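Residue strings, one per chain:
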Amino acid sequence: MTESFSSNRSYKSQDGNGTGSMPHPWGEMDGIYPDSFSGIVFALEGTEGATVLLNGPTGCKYYHSSLSDSQTFRMFDFDPLSFPMKWYFGQPRVPSTYLDNADYVYGGEAKLAEALDFFKAQDSIGLICIVNTPGAALIGDDLDRIASAHLGDKPFLTVETPGYSTDICHGFEIGARALVDALGADAPLQPEKAGDRPRVNLLGLPLYSRNYTGDVAEMRRLCELCGLEVGCVLGGGSGLDDVAHIGDACLNIVVHPEYGMESAAYLHERYGTAYYVCDGAPVGFAATERAFTDIARHAGGDAAPLLDQSKKARMRSFSYISRLNSLTGLPKGVPFAAEGSFSELYAITSFLTDYLALVPVALWPVYEQSDCCAAKLNELLEQLGAREALGRDPLSCEPELVFASGSTIARLQLEGREFAGIETMLPTLGYLDVVPKTFLGINGTLQLVEMVLNGLKF
Amino acid sequence: MNRLAVYGKGGIGKSTISANLSAALSEAGRHVLQVGCDPKHDSTKLLLKGKRLTCVLDYLRDTLPGDYRLGDVLEEGFAGVGCVEAGGPKPGVGCAGRGIISTFEMLEQFRLSDAYDTILYDVLGDVVCGGFAVPIRREYADTILIVTSGEFMALYAANNILRGVRTYDGAEGKRIAGLVCNCRNVTDEIERVERFAAAVGLPIFATVPRSNSFAEAEGANMTVMEHGQDGELIELFRDMAKRLAEGAPLHPANPLSDEELESVVLDSAAPHAGTDGASCGSVELQSEGTCDPDPTSQETTAEAEFGDSIDLTDPNRYLSKTVARGDPLHGCAFNGAIATALHLTDAVVLAHAPTSCANLSLQAFTSSGRRRLFERGALLPASLAPNFACTHMDEHDMVFGGTGTLIDAVRAQQQKGPRAIIVVSSCPAGIIGDDVDRVLDLSTPECPVLALKTDGNMTGDYLQGQLSASLAIARAFIKHDLPKQEKTVNIFAEKMVVTNTQANFDTVAGFLERMGVRVVSRFLYQATTEQLANFTSAQLCLPAYTDYTASLLGQLFSEEFGMELFDRGFPIGYDETVEWLRAVGAAFGESETAERIISEQEQTYRAQIDALRPSLAGKKLMVVSYNCELDWILRTALDLDMEIVRVGLLDYSQDVGFRTRIEADLPVVENYAREARGDEIAALAPDVLLTNYASPLGDSVPVADTIPMCPDVGFGSAITLARRWAQLLKTNAKGSWKDDGILFEQSFL
């Protein structure tokens, strides 16, 4: 197996001899990942009823429209002729004001004003999110003044500075905060009453995730299983009204700390809402049980049904692992490599080493500016006697399993390495998930176990 | 001295001194151009008897590139001085610095430096950002004069200008002729300027006395030189001009720290001296005004002189269709240039950009490679692992400039030993005015460095970026006039981001191989610098397409490299493939081989047509497409005896005009309106609707199929489609999943 959810394939280089020019197989070239600008756009596009209007050139819109649309369908017609060329340029999402050189010199007010006049009349848009592109931010158009003048009562928010080369996690937090500032009530609108199910919000579940839909669904399911009502998934699919009620929750659950810690602190400051930060995203049975036991205790829910379900899932998992193990001794000792944020690396390494007894040989952190869980990861690796794995070139070792983006998996293939690639990050190679997948929670753990077992060589 | 930049604090008198100096230089026999680089756009007013020019920036905004005429923005003033005004935005909006950059780019395109032996740049005040520093970049100004008075803020500005020069020249460069003290009658003025001059190691090039003659001349809308009333001032400017023309000694920039400046100017913390009436009677008192936005309202006296000889519409201009028409830009030149340059596989492409810009380009470039790997297990090195790097411009670079970051990044890449480094600049780099050309100094014979100053979308759209990169790379790497090798071709104008490019190349290369013809180089698709170097050794250049972009590239190869061009694109469908093979066979004396290939295929094609005709004869075909070359499908439809009821061509930035070799009358509508589709479908009742993207409108048609933007080449291109139509007409199956669309609408919309 060479990548997630695919049948076995034989790979061959186009020119027959691969390439030796690849600078580094890990991740994107030279640290080129989506940055804060994209994080802002995805936080806002991940909000149902909101439309991001980029104040900038069209070149900044295509990727964001394409990715937002592939992660969250909002329409099924992809015919470019169905969308006005002006602003949408043949795509269904993320319109832009198509600024050009003259606008940079003279200011882009005229084009922004024209666009706002159009979008004001679009009833399907509940919130217009005007975001400056990196270039437009330098000329200092007064977005708030222009928007106020042209949108009247139509709800809007503006983000004047998209950030320059700061990581996507930071941008997601900026977008999330802008949503709360624009829509959140000054105080809780419907405080919890006796008899109500405790309400929680989910933070740090970004649109820019390999298994976005499945992740949100599994986290919602587990909360419900604990008797908790999920109010708002901030920037992760909730609607405008959910954001308005975000202060009503009794607990904010931070799933991916690097994407939600700042929002949790801000909501605590604004509404006094307590928050629970997962110890890295809940990957694996133990981490899931631990996190939701804590969450249920803090929020006033009951984790027993979840623990019962987890027990059944453990049994199912055990039966498959046991069968394989009795034949081959696997998966114990299988070397693996992984790519991800520090918290993702910590979560998956904890699970793979503790539950499956795999051995980390190369771990590659991305978004290093967001280093929550970095210390824990180091500590874990120290305990495992595997400190050298952090930052190690996977070409200098022989991982049998690689948990990474489609890009990294492809590059390792290009180097002629034999391994099983499991996509845990975007971009993908192109597999379409009709059935939502996740690596979080109970279902995610079973999924991960399934993929590991299918990826083993024996 | 050939290129003089006159800098100084706003309101200090630069424009008046510049205009008089231009007049004096002209009187001394120089052919002088004065360029006003101030949004106030009144630098040349006194040379033009008070007339205001159409500003370059207004002109660029309001005029299509193909209509640019130098005479619209250039006029001849007193003593034959050429006059140009950059103009700029209203205070508080936009980016005036970016405006200076745009102006200089346009003047470069007009090759004004070839037309004048002396250019004087009159530049606004302080060096506040990269844009205003453009004139002191080495390629623009060889000599710098700094105008100041004894006022602290004027000297503060002078010191800042020295800092700007130091940034570009370092400690060794010598370009400053000295200070011009334009007296404002400040207490202790001369002594202050002298102390400053001594501290920074510069001479006082001239001292211009405070005089009512300036105001009197200005009242008559003239320079002092033209007014002719004050002999002393006239002699002063003549002397300045003479010394500059003869080559005044030049000095390095040695700016002071702020503390040193205060100490020197204020002479041991003496109180800031007041002025005696500030600007009254001083030399820069020109009124504010606005540019005339209507270029047609201006006289074009210079056009007759310059318009034909140095014009933007010369053959060196390669404009994308969108840029040429002034349409909204689709994508950015930055992205297009990167997509092109990454196909030079032994070079490194360095994006001078924030990470996000580089990521957008990287994802666009690599997505097709990932998809090909996923779909069919194909490993395409250039698409999966391009040699791509980024300077990761950050907030600090935005404020303080990113040129240093860029130079460091180029040096770091050089350590990796690429055969070339190609730098491509983003919007932010262009707006803050980074001096991207400085990387050219890092070029070595082993590793040339190219600077593609796309500045994001400021130079145009995606296609413009592709064209610009193609030009730069061709000119940098293709060697002229190599001996021709027998039976060799180049391939050019292949599409870069579609998934069948390699497969189409393989098909064509297979035909060529059977005729004993070898491909020297592909421009530009997975090629090396060595392959490009041998480009002119090929006998013939074969275009993959014959669209607008291909025609411009063909023009480049033909006119600059003397290459012979083949006039057909890669063949799509039976007829085109037959014709293509015969033409290529004839070109290389391989007609017999070509006929052999054709005869092998003809029987197959005819048999396929005969088999499909019973199902499709008489069926109505309607095509609505962006593609302008549709013979491959239309010919097969006619061979099948189908009735073509409409060929609607949508406007498309990459192509121009419907092209056909079919002699039969075809119901073609160019610039087809998308709104017309529904009514036309109802009126024409097609059996088969072909569009580039499936649309709900297709639900009312028996067969709605998609036509690829870039079809597979070869004999069978259309047969595959026709076979599907026949099958679908037979089964009349639509897929009941479509019935569930209502569920989607209820849940999601």
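Keep in mind the model is a prediction, meaning the values are calculated, not measured.

Participant: Lay out the sheet that holds strand E7 (residues 251-254) of chain A in plain terms, naming residues and giving numbers.
Facilitator: Residues and elements named next belong to chain A. Taken in spatial order, the 4 strands of this open sheet run E6-E5-E7-E8, and their pairing is parallel. Only two strands of the sheet have a single neighbouring strand rather than two, namely strand E6 (229-233) and strand E8 (274-277). In this sheet, neighbouring strand axes are inclined to one another by 30 degrees on average, regardless of whether the strands run parallel or antiparallel. Of the pairings in the sheet, the one linking strand E5 (residues 199-203) to E7 comprises 4 bridges and is parallel in character. Counterpart to valine 200 in the pairing with E7 is leucine 251.

Participant: Before we move on, could you go through the packing of helix H6 (residues 189-200) of chain B against helix H10 (residues 258-266) of chain B and cite the residues and values that matter?
Facilitator: Residue and element names in this part refer to chain B. Axis separation between H6 and H10 bottoms out at 8 Å; the angle between their running directions is 140 degrees. If you check the angle between H6 and H10, you find them oblique. On H10, the residues that touch Arg192, Arg195, Phe196 and Ala199 of H6 are Glu260, Val264 and Val265.

Participant: Can you lay out the sheet that holds strand E21 (residues 703-706) of chain B for me, pointing to particular residues and giving the numbers?
Facilitator: For sheets, the rule is that strands pair by backbone hydrogen bonds, running either parallel or antiparallel. Residues and elements named next belong to chain B. Strand order in the open sheet formed by 5 strands is E19-E18-E17-E20-E21, with parallel pairing between adjacent strands. Every other strand in the sheet has two partners, leaving strand E19 (668-669) and E21 as the edge strands with one partner each. Pairing geometry for strand E17 (residues 620-625) and strand E20 (residues 688-691), over 4 bridges, is parallel. Looking at the pairing, valine 624 lines up with threonine 691 of E20.

Participant: Explain the domain arrangement of chain A to me, and be specific about the residues and the numbers.
Facilitator: All names here are of chain A. By domain assignment, chain A separates into domain 1 (36-164), domain 2 (199-307) and domain 3 (310-455). One C-alpha centre belongs to domain 2, the other to domain 3; they are set 23 Å apart. Between domain 2 and domain 3, the residue contacts involve 26 residues of the former and 33 residues of the latter. Residue assignment for the side of domain 2 that touches domain 3 shows that the elements contributing at least two residues are helix H8 (212-225), helix H10 (257-271), helix H11 (285-299) and helix H12 (304-328).

Participant: Break down the pairing of E8(A) for me, citing the residues and quoting the values.
Facilitator: Residues and elements named next belong to chain A. Judged from the 4 bridges that link them, E7 and E8 form a sheet pairing that is parallel. Within E8, the position partnered with leucine 251 by the bridge is alanine 274. The parallel pair E7 and E8 is bridged by H10, and the resulting crossover is right-handed.

Participant: Describe in detail the confidence of the model for chain A, supporting the description with residues and values.
Facilitator: A low pLDDT means the predicted coordinates there should not be read in detail. For chain A, the mean per-residue pLDDT works out to 90, and 91% of the residues sit at or above 70. Counted against residues more than four places away or in other chains, residues 1-24 of chain A, with its pLDDT under 50, gives 51 contacts.

About the criteria used
Residues numbered from 1 in each chain as written. Chains lettered and ligands numbered in written order. Predicted model: local features only at pLDDT ≥ 70, side-chain atom pairs only at ≥ 80, totals over all residues. Pairing = 2+ DSSP bridges. Helix = DSSP H or I, 4+ residues; strand = E, 2+ residues; numbered from the N terminus. Axes fitted to C-alpha atoms, helices over the stretch in contact; angles between N-to-C directions. Parallel < 35°, antiparallel > 145°, perpendicular 65-115°, else oblique. Contact = placed C-beta atoms within 7 Å. Domains from an automatic or database assignment. Right-handed = clockwise from strand over helix to strand, strands pointing away. pLDDT = per-residue confidence, 0-100.

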